[in-house]
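A closer look at the structure
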Amino acid sequence: ALRVLRRLRRRLDAPSLTYGDHCAASMAIGFLFLGGGRMTFGRSNEAIAALLIALYPRMPATPSDNRCHLQALRHLYVLAAQPRGVETRDVDTGEA
């Protein structure tokens, strides 16, 4: 996954790409490492609604572009984040 994101990041240096393209790549990397790997997105209706609003398909063309979608709404993905615990266990002994 990181290799693909690195290649995508290199392609984002092209002059034809907009601020929204950079925003989308940054959000994808942020979602991948959500909470340092300790969080994930919930499956409730509220979580899905928050993600839909945050990931509205129209990205801004410039940092000051608020015509299509308010920049502040991009941060609503936080409402969909939930902590998830992963407990490691030894396969042979079953100890935590």
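All figures in this text were calculated on a predicted structure; none of them were measured in a lab. (Residues numbered from 1 in each chain as written. Predicted model: local features only at pLDDT ≥ 70, side-chain atom pairs only at ≥ 80, totals over all residues. Heavy atoms only, no water.)

This brings us to the overall build of the protein chain. Looking only at helices and strands, the protein chain features 3 helices and 2 strands. Tracing the protein chain from N to C terminus, the helices and strands come up as α-α-β-α-β. Compactness check: the protein chain gives a C-alpha radius of gyration of 17 Å against a globular reference of 12 Å for 96 residues, more than 25% above the reference. Based on the C-alpha atoms only, the size of the protein chain along its principal axes is roughly 55 × 35 × 15 Å. When each of the 96 residues of the protein chain is scored for burial, the buried share is 20%. With 13 positive and 8 negative side-chain charges, the protein chain shows a separation of 11 Å between the mean positions of the two kinds. (Helix = DSSP H or I, 4+ residues; strand = E, 2+ residues; numbered from the N terminus. Rg over C-alpha atoms; globule rule 2.2 N^0.38 Å. Buried < 20%, exposed > 50% of the residue type's maximum accessible area, 1.4 Å probe, protein only. Lys, Arg positive; Asp, Glu negative; His and termini not counted. Charge placed at Lys NZ, Arg CZ, Asp CG, Glu CD.)

With that settled, consider helix H2 (residues 19-32). Its 14 residues place the ends of H2 20 Å apart at the C-alpha level, agreeing with the 20 Å of an ideal helix rising 1.5 Å per residue. If you check which residues of H2 are buried, you get Gly20, Cys23, Ala25, Met27 and Phe31. (Expected span 1.5 Å × (residues − 1).)

In this description, a pair of aromatic rings is defined by centroid distance and the angle of the planes. For the structure on display, the rule yields 2 aromatic pairs. With a centroid separation of 5.0 Å and 90° between ring planes, the pair formed by phenylalanine 31 and phenylalanine 41 is classed as edge-to-face. Highlighted residues: phenylalanine 31 in helix H2 and phenylalanine 41 in strand E1 (residues 39-41), separated in sequence by 10 residues. With centroids separated by 5.1 Å and ring planes inclined at 65°, the aromatic side chains of phenylalanine 31 and tyrosine 77 adopt a geometry described as edge-to-face. On the criterion of sequence distance, the pair formed by phenylalanine 31 in helix H2 and tyrosine 77 in the loop between helix H3 (45-54) and strand E2 (81-83) is long-range, its members being 46 residues apart. (Phe/Tyr/Trp six-rings, centres within 6.5 Å; stacked < 30°, edge-to-face > 60°.)

What follows deals with H3. When H3 is considered as a whole, its buried residues turn out to be Ala47, Ala50, Leu51 and Ala54. Viewed along the axis of H3, the buried residues span an arc of 100°, placing them on a single side of the element. Exposed and oriented more than 90 degrees from the buried face of H3 are Asn45 and Leu52. Those residues of H3 that are buried lie in contact with H2 and E1. (Arc of directions from axis to C-beta. Contact = heavy atoms within 4.5 Å.)

Quick look at the side chain of arginine 74 now. Mapped onto the secondary structure, arginine 74 falls in the loop between H3 and E2. There is a polar contact of 3.3 Å between the side chain of arginine 74 and the backbone oxygen of tyrosine 56. (Polar contact = N/O pair within 3.5 Å; in protein donor to acceptor, adjacent residues only side chain to side chain.)

A few words on the side chain of aspartate 65. Inspection of the secondary structure assignment puts aspartate 65 in the loop between H3 and E2. By relative accessible area, aspartate 65 is classed as buried at 7%. A polar contact is formed between the side chain of aspartate 65 and the backbone nitrogen of alanine 61, at a distance of 3.1 Å. If we skip the residues at most four places from it in the chain, aspartate 65 touches Pro60 and Gln71.

By themselves, these figures tell us nothing about what the structure is for.
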